[in-house]
Amino acid sequence: MRILLIDDTPEIAELLSYALRDHGYEVAAVGFDPAICDLVGEHRPDALVFDCTSYDMAEMLFDAVRNSPQHAVLPIVIVSYTPEKADASLRRRNAGHVLLIPKPFTGSQIARALAQLLNHSPATTDQSA
């Protein structure tokens, strides 16, 4: 399974990429880029992981992906320092196919969330994944 990891901290992206590879995922890691749909088209991932310092950055990426018809149901894991704010935002959007992981997190937590989303488990916002 191919994962596109968008992280605005290169060191964290590298560590998380290694952890996800250890769980069997093929990972392409890139920095924050508002042209997310171009990146998704280029990498053709099975799922996305957004780890942005600011939830506003993740929110912008999420909206860009969900507003693109060809990516509207692409599974997304969002990592956030502000899980309450992120959860409220996702609920307002009736977001499906997305799981929320609060910081601090482990690579195993992200891998479990991806496995849940990619195995077509019910899509919910879940802070305990």
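Presented here is an overview of the structure given in this document. (Residues numbered from 1 in each chain as written. Predicted model: local features only at pLDDT ≥ 70, side-chain atom pairs only at ≥ 80, totals over all residues. Heavy atoms only, no water.)

Overview of the environment of Cys37
And then number 1: Within the element layout of this structure, Cys37 appears in helix α2 (residues 36-43).
And then number 2: When its relative accessible area of 23% is taken as the criterion, Cys37 is described as partly exposed.
And then number 3: Residues Cys37 and Leu61 lie 24 residues apart in sequence; the distance between their C-alpha atoms is 8.7 Å.
And then number 4: Ignoring anything within four residues of it in the chain, the contact list for Cys37 reads Ala64, Val65, Ser68 and His71. (Helix = DSSP H or I, 4+ residues; strand = E, 2+ residues; numbered from the N terminus. Buried < 20%, exposed > 50% of the residue type's maximum accessible area, 1.4 Å probe, protein only. Contact = heavy atoms within 4.5 Å.)

As for the pairing of strand β4 (residues 76-80)
And then number 1: Burial analysis of β4 places 5 of its 5 residues in the buried class, which makes it a mostly covered element.
And then number 2: Burial along β4 is two-sided: the residues Ile76, Ile78 and Ser80 and Val77 and Val79 are all buried.
And then number 3: Relative to β4, strand β3 (residues 47-51) is paired through 4 bridges, and the arrangement is parallel. Across the sheet, Val49 pairs through a bridge with Val77, a residue of β4.
And then number 4: With helix α3 (residues 55-66) bridging β3 and the parallel β4, this β-α-β connection has right-handed handedness.
And then number 5: Alignment of β4 against strand β5 (residues 98-102), held across 5 bridges, turns out to be parallel. (Pairing = 2+ DSSP bridges. Right-handed = clockwise from strand over helix to strand, strands pointing away.)

Regarding the pattern of salt bridges
And then number 1: Going through the model one piece at a time under the given rule, you end up with 5 salt bridges.
And then number 2: When the shortest N-O distance is used, the salt bridge between Asp56 and Lys85 registers 3.3 Å. One end of the pair, Asp56, is in helix α3; the other, Lys85, is in helix α4 (residues 83-92), and 29 residues separate them in sequence.
And then number 3: Lys85 gets classed as partly exposed once you look at its relative accessible area, which sits at 44%.
And then number 4: Put simply, Glu59 and Arg93 hold a salt bridge, and the shortest N to O gap is 3.2 Å. One end of the pair, Glu59, is in helix α3; the other, Arg93, is in the loop between α4 and β5, with 34 residues separating them in the sequence.
And then number 5: A relative accessible area of 17% places Glu59 in the buried class.
And then number 6: Residues joined in a network through salt bridges with shared partners are Glu59, Asp63 and Arg93. (Salt bridge = Lys/Arg side-chain N within 4 Å of Asp/Glu carboxyl O.)

A few points about α2
And then number 1: Regarding α2, the residues found buried are Ile36, Leu39 and Val40. For α2, the angular spread of the buried residues around the axis is 100°, confining them to a single face. Among the exposed residues of α2, those oriented more than 90 degrees off its buried face are Asp38 and Glu42.
And then number 2: Buried residues along α2 sit against β1 (2-7), β2 (26-30), β3 and α3. (Arc of directions from axis to C-beta.)

Let's talk about the sheet that holds β1
And then number 1: A sheet is described by the order of its strands in space; here 5 strands give the open sequence β2-β1-β3-β4-β5, paired in parallel fashion. The sheet terminates laterally at β2 and β5, the two strands that pair on one side only. Geometrically, the sheet is characterised by an average inter-axis angle of 20° between neighbouring strands, direction not taken into account.
And then number 2: This element, helix α1 (residues 10-22), spans β1, β2 and β3 of the sheet and lies at about 160° to β1.
And then number 3: Packing of α2 onto the sheet brings it into contact with β1, β2 and β3, and relative to β1 it is tilted by some 150°. (Axes fitted to C-alpha atoms, helices over the stretch in contact; angles between N-to-C directions.)

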